[in-house]
Amino acid sequence: MAKPPRGTTTWFRHSWCPDYDWSMELRGLCLTTVVVIAGACAGDGTGPLREDLVAKYGLEPLPSMSFPTENPANPERIELGRLLFFDPIMSATKDVACGTCHHPTLAMADGRALPAGPSGVGLGPDRVLMDPEMVLEARNSPTVINAGFNQFFLQQTADGFLFWDGRKRRLENLVTLPQREFSEMRGDVYPIEVTLDSVLARLREIPEYEGMFAKAFDRPRGAAIDSLSLSQALAQFVRSLVGDDSPYDRFVAGDRTALTEQQQRGLVLFHEKGRCIDCHAGPMLSDFDFHVVGARQAGPGFQTTPHEDFGRWNVTRLEGDRWKFRTPSLRNVAVTGPYTHAGTYDTLREVVEFMANGGGDLPAVPPGRIELSPTGLTDGEIVDLVAFMEALTDLPPVSVPERLPSGLTPPQP
């Protein structure tokens, strides 16, 4: 092949850079073509951006699970906890299990704005209360996947904040509270002060449960079932629900193709223009602190505040805590709507828009108390941000027992 004359433009066959001495112009064209092709490969929607976002933002994987010293990891307790979690015998009315509001088919949540407890028929959004005197629960039911990683502010501990208002710390202190709540698992069968003892008495009457408790806790039959062993078994099961293999987790672990280019753009927005990182920091994407965002309120209200919910104030009675709620983790956020403490935002895009617009949908909250400000995100940027949040999804397999020692039927879709 003859060398082209200097100053002319030509094309080349099958080779980006020919072996012979082409003109400087053609060499420049060759180099430019290679750069353009390489850039296109990196921007095809699946490849990594040029910047190392993991290093730039200090992204971290989930840590090892923290266990209380008196309740170390134990497979027999986990299996016992699984059976109890899905057994309606845990409710006074025998028609509600923990798994009713935290079901595997609904990402270990219930897909409702507010949970429906005793007298309910059905599961998730289709569940209907049959007792006209029964009310819906006051707050949205969050997923329990990764709840064992809840922190005490930014401290990794087994004593992390629980509930929307943080009124309990440590799973062992949470799992036997729903049995006492009228609209969760008690109904009007028992007075609140005898509810848990009544549930324990039922369990002691079931030989299979008595044997499982004795083995899991290394105690004699007849002395193994009490409020402590019950709470420890349930807590063990909840700690076993770990989702740490989302596309985001694989990206953090080194697979730079685990997030699409769109999701990586969303990750950048999450840390920069969107300012989501201000509250959703760390491996769990939450600071586990309490903030006023002014989300809409619905439902019966919480405790002594009919049709209102003052959040953290119900725990501390400090005026500065009025309308504050705990920052939820964003892990599995794309599949665990509706959103916020009262479930008043149906879609992920809707709640992202609420936050991006500066919050403040609750007229009762003075504007000066709102801890958000508008971010100026465009429609396309919100789409990218939602795409990133969809990459936080990993649902561990959870099997609902085919049979229960009580003989009752576990919640089924």
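Residues numbered from 1 in each chain as written. Predicted model: local features only at pLDDT ≥ 70, side-chain atom pairs only at ≥ 80, totals over all residues. Heavy atoms only, no water.

Caption draft 1: Local environment of the overall build of the protein. Secondary structure summary: the protein contains 13 helices and eight strands in total. Across the 413 residues of the protein, 51% fall into the buried class. Long-range pairs, those at least 24 residues apart, make up 66% of the contacts in the protein between residues at least 6 apart in sequence. Here the protein displays about 19,000 Å² of accessible surface, and carbon together with sulfur accounts for 56% of that area. (Helix = DSSP H or I, 4+ residues; strand = E, 2+ residues; numbered from the N terminus. Buried < 20%, exposed > 50% of the residue type's maximum accessible area, 1.4 Å probe, protein only. Contact = heavy atoms within 4.5 Å. Areas by Shrake-Rupley, 256 points an atom, 1.4 Å probe, with all protein chains shown as cover.)

Caption draft 2: Up close: the pattern of salt bridges. Summed over the entire model, instances satisfying the criterion amount to 25 salt bridges. Across the pair Glu76 and Lys215 runs a salt bridge, and its minimum N-O distance is 3.7 Å. Residue Glu76 is found in helix H3 (residues 75-85), and its partner Lys215 is found in helix H7 (residues 207-217); the two are separated by 139 residues along the sequence. Here Lys215 falls in the exposed class, since its relative accessible area comes to 61%. Between Arg349 and Asp379 there is a salt bridge, and its shortest N-O distance comes to 2.2 Å. One end of the pair, Arg349, is in helix H12 (residues 348-356); the other, Asp379, is in helix H13 (residues 379-390), with 30 residues separating them in the sequence. In this structure, a network of salt bridges that share partners links the residues Arg139, Asp165, Arg167 and Asp309. (Salt bridge = Lys/Arg side-chain N within 4 Å of Asp/Glu carboxyl O.)

Caption draft 3: Structural view of the packing of aromatic side chains. A complete count under the given rule lists 13 aromatic pairs for this structure. An aromatic cluster of three or more residues is present, and its members are Phe152, Phe153, Phe161 and Phe290. Positioned above the aromatic ring of Phe290, the side-chain terminus of Arg312 is 4.3 Å from the ring centre. Here the guanidinium or amino end of Arg322 rests over the ring plane of Trp313, the centre of that ring lying 4.8 Å away. (Phe/Tyr/Trp six-rings, centres within 6.5 Å; stacked < 30°, edge-to-face > 60°. Lys NZ or Arg CZ within 6 Å of the ring centre and 35° of its normal.)

Caption draft 4: Main features of the packing of H12 against H13. Put simply, H12 and H13 touch, their axes get as near as 10 Å, and they point 120° apart. The pairing of H12 with H13 is recorded here as oblique in orientation. By crossing handedness, the relation of H12 to H13 is classed as right-handed. Between H12 and H13, the contacting residues are Leu348, Arg349, Val352 and Glu353 on the first element and Asp379, Ile382, Val383, Leu385, Val386 and Met389 on the second. A per-class count over the contact of H12 with H13 returns seven nonpolar, no polar and three charged. (Axes fitted to C-alpha atoms, helices over the stretch in contact; angles between N-to-C directions. Parallel < 35°, antiparallel > 145°, perpendicular 65-115°, else oblique. Left-handed = near helix turned anticlockwise from the far one by under 90°. Nonpolar A, V, L, I, M, F, W, Y, C, P; charged D, E, K, R; others polar.)

Caption draft 5: Highlighting the confidence of the model for the protein. Averaged over every residue, the pLDDT of the protein is 90; the share at 70 or more is 88%. Segment residues 1-47: pLDDT under 50, and 36 contacts once partners within four positions in sequence are set aside and those in other chains are kept. (pLDDT = per-residue confidence, 0-100.)

Caption draft 6: Structural view of the environment of Arg169. Along the chain, Arg169 falls in strand S4 (residues 168-169). Assessed through its relative accessible area of 31%, Arg169 is described here as partly exposed. Sequence separation between Arg169 and Asn150 is 19 residues, and the spatial gap between their C-alpha atoms is 9.1 Å. Residues within four places of Arg169 in sequence aside, it is in contact with Phe152, Asp159, Gly160, Phe161 and Leu162. Separated by 2.7 Å, the side chain of Arg169 and the backbone oxygen of Asp159 make a polar contact. (Polar contact = N/O pair within 3.5 Å; in protein donor to acceptor, adjacent residues only side chain to side chain.)

Caption draft 7: Expanded view of unusual backbone geometry. Look at the link from Gly337 to Pro338: it is a cis peptide, with omega at 0°. Structurally, Pro338 is set in the loop between strand S8 (325-326) and H12. At Asp218, a residue that is not glycine, the phi angle is positive and equals roughly 55°. When you line up the elements, Asp218 lands in the loop between H7 and helix H8 (227-239).

Caption draft 8: Geometry of the nonpolar core. With 41 residues, the main nonpolar core has Leu84, Phe85, Leu203, Phe213 and Leu230 as its most contacted residues. Of all elements in the fold, only H3, helix H6 (195-204), H7 and H8 reach the threshold of two or more residues within this core. Among the elements that make up this core, the one with the highest residue count is H8 (six residues). Contact partners of Leu230, with chain neighbours within four places excluded, come to Leu84, Met90, Thr176, Leu196, Leu200, Leu203 and Phe213. Grouped together as the second largest cluster of nonpolar side chains are 32 residues, Tyr57, Tyr248, Val351 and Val386 included. (Core = buried A, V, L, I, M, F, W, Y, C linked by side-chain atoms within 4.5 Å.)

Caption draft 9: Main features of helix H10 (residues 261-271). Summarising burial for H10: eight of the 11 residues are buried, a large majority. Every buried residue of H10 is listed here: Glu261, Gln263, Gln264, Gly266, Leu267, Leu269, Phe270 and His271.

Caption draft 10: Representation of the side chain of Thr143 in the model. With respect to the helices and strands, Thr143 occurs in the loop between strand S2 (128-129) and strand S3 (161-162). Separated by 2.7 Å, the side chain of Thr143 and the backbone oxygen of Ala107 make a polar contact. Reaching out from Thr143, the side chain makes a polar contact with the backbone nitrogen of Ile145 at a distance of 3.1 Å. With sequence-adjacent residues up to four places away left out, Thr143 is seen in contact with Ala107, Met108, Ala109 and Thr336.

Caption draft 11: Here's a closer look at H8. The first and last C-alpha atoms of H8 sit 18 Å apart over 13 residues, in line with the 18 Å expected at 1.5 Å per residue. With respect to burial, H8 is a largely interior element, 11 of its 13 residues being buried. Within the span of H8, buried status applies to Ser229, Leu230, Ser231, Gln232, Ala233, Leu234, Ala235, Gln236, Phe237, Val238 and Arg239. Where H8 is buried, its residues contact H3, H6 and H7. The backbone nitrogen of Leu228 has a side-chain oxygen 3.1 Å away, supplied by the residue at the start of H8, namely Asp226. (Expected span 1.5 Å × (residues − 1).)

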